[in-house]
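# Observations on the three-dimensional arrangement
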Amino acid sequence: RRQRQMCIRDRYQRRVHGDFMKAIAILFFCLVAISCYPTGISSIGILGDKSYDLLKGFLDGIKEKGDADKLKRCMTELDLIVNNLVKAVALIFTYEEEKVRLGLGMVEEATMRFLQILRPCAKDYVQITKLLEAHQNTDPLLLLRKLLTKPRGYFDNLSLFMEALKKKNYYVVGLSIGKENYALYLEDFVSIDLTLENLGTDADDLLKGFMAGLKETGDFAKLRACLTQLDKVVSMMKQGIEMIYTFDRTQVVYGFLILVEATVGFLEILERCQDGYEQIIKLMYAINNIERFKILRKFVEYTRLIFDPLVNFLEALPKKKYYDVGLALGQLNYEIFINVKQVLLNNITQVDYSLPCLLYTSPSPRDLSTSRMPSSA
């Protein structure tokens with residue numbers, strides 16, 4: 001049992017946590033720097049000619065009133081940096097592991113170089129000077145606090161950024177980058193009530209919401225009766241969330257670790273109770289078998305699909321809306337693992353039955369004739 005628990009934890013952490021953080025890293029580097037284009041090589045050579053539009057949008061986004069033409073003339077390497085960044089992102093969007101690693105390194109290098117060439121040109125630019133200072137001095141926990149207390153605005157900017165890239169609207173790309181930097185680094189922080197005293201006391205509502213978000217139509221009462229450990233798992237989630245919302249550095253780290261443990265526990269009890277629940281079977285199967293770079297691809301190419309339920313989750317927590325918390329979690333898992341209308345399960349032609357740890361012995365809901373798990377799993 002312990003080996004199975006560690007296996008589930010390893011798979012979930014690698015497939016969800018690891019790939020999510022890679023996706024966030026890519027997007028964050030793009031936001032801090034200038035631009036990237038998700039469809040790849042076709043845009044290289046065009047984007048460099050639009051550096052001024054990007055820069056002007058960026059300046060407007062951070063509310064900088066200084067002369068954009070003068071700044072562009074000063075930043076003599078800007079076109080080169082933008083084109084290098086696009087080439088890096090083209091590597092990332094091959095979804096081949098080695099190319100992704102190389103691309104991430106190039107993105108980080110381009111980002112750092114952008115900040116370097118911006119610094120000597122910032123003398124007559126009030127907002128740029130403030131932004132550069134903030135990048136050096138802002139506590140990362142303050143950024144986390146801003147994201148958690150006002151998530152929709154940040155993720156809306158991120159979605160706007162991705163949509164503008166697809167439309168090749170370079171001014172809006174720059175504008176969304178600037179607005180995100182302004183909100184994170186320059187805008188004053190306004191706290192809100194984040195008391196979470198009762199989170200986890202109504203596991204029934206949370207499970208009902210999760211099933212609705214996952215589009216699971218099976219018998220709720222039967223599933224709830226089977227999930228005898230649900231109250232304990234939800235209480236553990238509550239503990240982790242409350243620790244995160246203290247915004248104490250140590251507490252935040254332990255809070256996230258507890259949430260991972262709670263997630264593993266939730267998957268364990270779902271695994272034991274999945275018979276007769278089609279969507280839950282699909283979820284467990286997908287966690288085991290989906291190629292992880294397809295998850296990364298979905299995070300990046302379908303940003304709004306992923307971030308909408310994530311924002312809903314963050315907004316529901318301080319309001320103590322347990323059904324909405326579960327609903328958002330279910331929707332998030334549905335979009336990541338089950339929604340085959342997008343790219344997630346495309347091109348999967350076979351399952352590697354030699355995997356040392358498979359979650360269940362039922363057949364695949366999508367291929368009853370060939371995808372039966374071995375009884376020894």
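To be clear, the structure that these remarks concern was listed above.
Structural notes, computed from the coordinates. (Residues numbered from 1 in each chain as written. Predicted model: local features only at pLDDT ≥ 70, side-chain atom pairs only at ≥ 80, totals over all residues. Heavy atoms only, no water.)

### What about the overall build of the protein chain?
Let me state the cut-off plainly: Elements are defined by DSSP. Helices are runs of H or I of four residues or more, strands are runs of E of two residues or more, and each kind is numbered from the N terminus. Each residue is assigned to one of three classes by its accessible area relative to the maximum for its type, calculated with a 1.4 Å probe on protein chains only: buried under 20%, partly exposed between the two thresholds, exposed over 50%. Two residues form a contact once any of their heavy atoms are found within 4.5 Å. Each accessible area value is a Shrake-Rupley result obtained with a 1.4 Å probe; residue values ignore everything except the protein chains displayed when judging cover.
Secondary structure assignment for the protein chain yields 17 helices and two strands. Per-residue burial over the protein chain gives 52% buried out of 377 residues. Pairs at least 24 residues apart make up 75% of the contacts formed inside the protein chain by residues separated by at least 6 positions. For the protein chain, the exposed area adds up to about 17,700 Å²; of that, 52% sits on carbon and sulfur atoms.

### Overview of the state of the cysteines
For the record, the criterion: Counting rule for disulfides: a pair of cysteine sulfur atoms within 2.5 Å.
This model, assessed by the stated rule, comprises two disulfides. At a sulfur-sulfur separation of 1.9 Å, the disulfide partner of Cys 74 is Cys 121. Taking the sign of the S-S torsion, -85° for the link of Cys 74 and Cys 121, the bridge is left-handed. With a gap of 47 residues between them, Cys 74 in helix 3 (residues 68-74) and Cys 121 in the loop between helix 5 (97-118) and helix 6 (126-137) connect regions that are remote in the sequence. Taking relative accessible area as the criterion, Cys 121 reaches 8% and is therefore assigned buried. There is a disulfide in this structure between Cys 226 and Cys 273, and the S-S distance comes to 1.9 Å. Since a negative S-S torsion denotes a left-handed disulfide, the Cys 226-Cys 273 link at about -85° is left-handed. Here the residue Cys 226 occupies a position in helix 11 (residues 220-226), and Cys 273 occupies one in the loop between helix 13 (249-272) and helix 14 (278-289), the gap between them amounting to 47 residues. A residue is classified by how much of its surface remains accessible, and Cys 226, at 34% relative accessible area, is partly exposed.

### Topic: the side chain of Asn 157
On the secondary structure map, Asn 157 appears in helix 8 (residues 151-167). Look at Asn 157 and you get buried, because its relative accessible area is 9%. Beyond its immediate sequence surroundings of up to four residues, Asn 157 is in contact with Ser 176, Lys 179 and Glu 180.

### Details of helix 5
To be explicit about the condition: One less than the residue count of a helix, multiplied by 1.5 Å, gives the span that helix is expected to have. The arc in question is traced by the directions running from the helix axis to the C-beta atoms.
The end-to-end C-alpha separation of helix 5 is 32 Å, in line with the 32 Å expected for 22 residues at 1.5 Å each. Taken as a whole, helix 5 has its buried residues at Val 100, Gly 103, Leu 104, Val 107, Ala 110, Thr 111, Phe 114, Leu 115, Ile 117 and Leu 118. Projected onto a plane normal to the axis of helix 5, the buried residues spread over an arc of 165° and lie on a single side. In helix 5, the exposed positions that point more than 90 degrees away from the buried face belong to Glu 98, Arg 101, Leu 102 and Glu 109.

### Focus: the pattern of salt bridges
In plain terms, the rule: The rule for a salt bridge is simple: a side-chain nitrogen of Lys or Arg has to be within 4 Å of a carboxyl oxygen of Asp or Glu.
Applying the stated rule across the entire model yields nine salt bridges. Between Asp 79 and Lys 72 there is a salt bridge, and its shortest N-O distance comes to 3.7 Å. On the basis of relative accessibility, which here comes to 30%, the residue Asp 79 falls in the partly exposed class. In this structure, the salt-bridge partner of Arg 224 is Asp 204, at a minimum N-O distance of 2.5 Å. With a gap of 20 residues between them, Arg 224 in helix 11 and Asp 204 in helix 10 (residues 203-214) connect regions that are remote in the sequence.

### Examining the nonpolar core
Here is the rule: Residue types Ala, Val, Leu, Ile, Met, Phe, Trp, Tyr and Cys, when buried and joined through side-chain atoms within 4.5 Å, form a set referred to as a nonpolar core.
Residues Leu 71, Met 75, Ile 128 and Phe 337 are the most contacted members of the largest nonpolar core, which totals 101 residues. Tallying contributions element by element places helix 9 (residues 170-186) first for this core, with nine residues.

### Digging into the environment of Phe 293
Relative to the helices and strands, Phe 293 is located in helix 15 (residues 292-301). When its relative accessible area of 11% is taken as the criterion, Phe 293 is described as buried. Phe 293 sits 197 residues away from Glu 96 along the chain, and the two C-alpha atoms are 7.6 Å apart.

### Comments concerning the packing of helix 2 (residues 51-61) against helix 9
Quick note on the threshold: Here, axes are lines fitted to C-alpha atoms. For helices the fit covers the stretch in contact, and angles between N-to-C directions go from 0 to 180 degrees. Less than a right angle of anticlockwise turn of the near helix away from the far helix marks a crossing as left-handed, whereas a clockwise turn marks it as right-handed. Residues are grouped as follows: Ala, Val, Leu, Ile, Met, Phe, Trp, Tyr, Cys and Pro are nonpolar; Asp, Glu, Lys and Arg are charged; all remaining types, including Gly, are polar.
With their axes 6 Å apart at the nearest point, helix 2 and helix 9 run at an angle of 30° to one another. Between helix 2 and helix 9 the crossing geometry is right-handed. Between helix 2 and helix 9, the residues in contact are Asp 53, Leu 54, Lys 56, Gly 57, Phe 58, Asp 60 and Gly 61 and Tyr 170, Tyr 171, Val 173, Gly 174, Leu 175, Ile 177, Gly 178, Lys 179, Asn 181 and Tyr 182, respectively. Class assignment of the residues belonging to the contact of helix 2 with helix 9 gives a composition of eight nonpolar, five polar and four charged.

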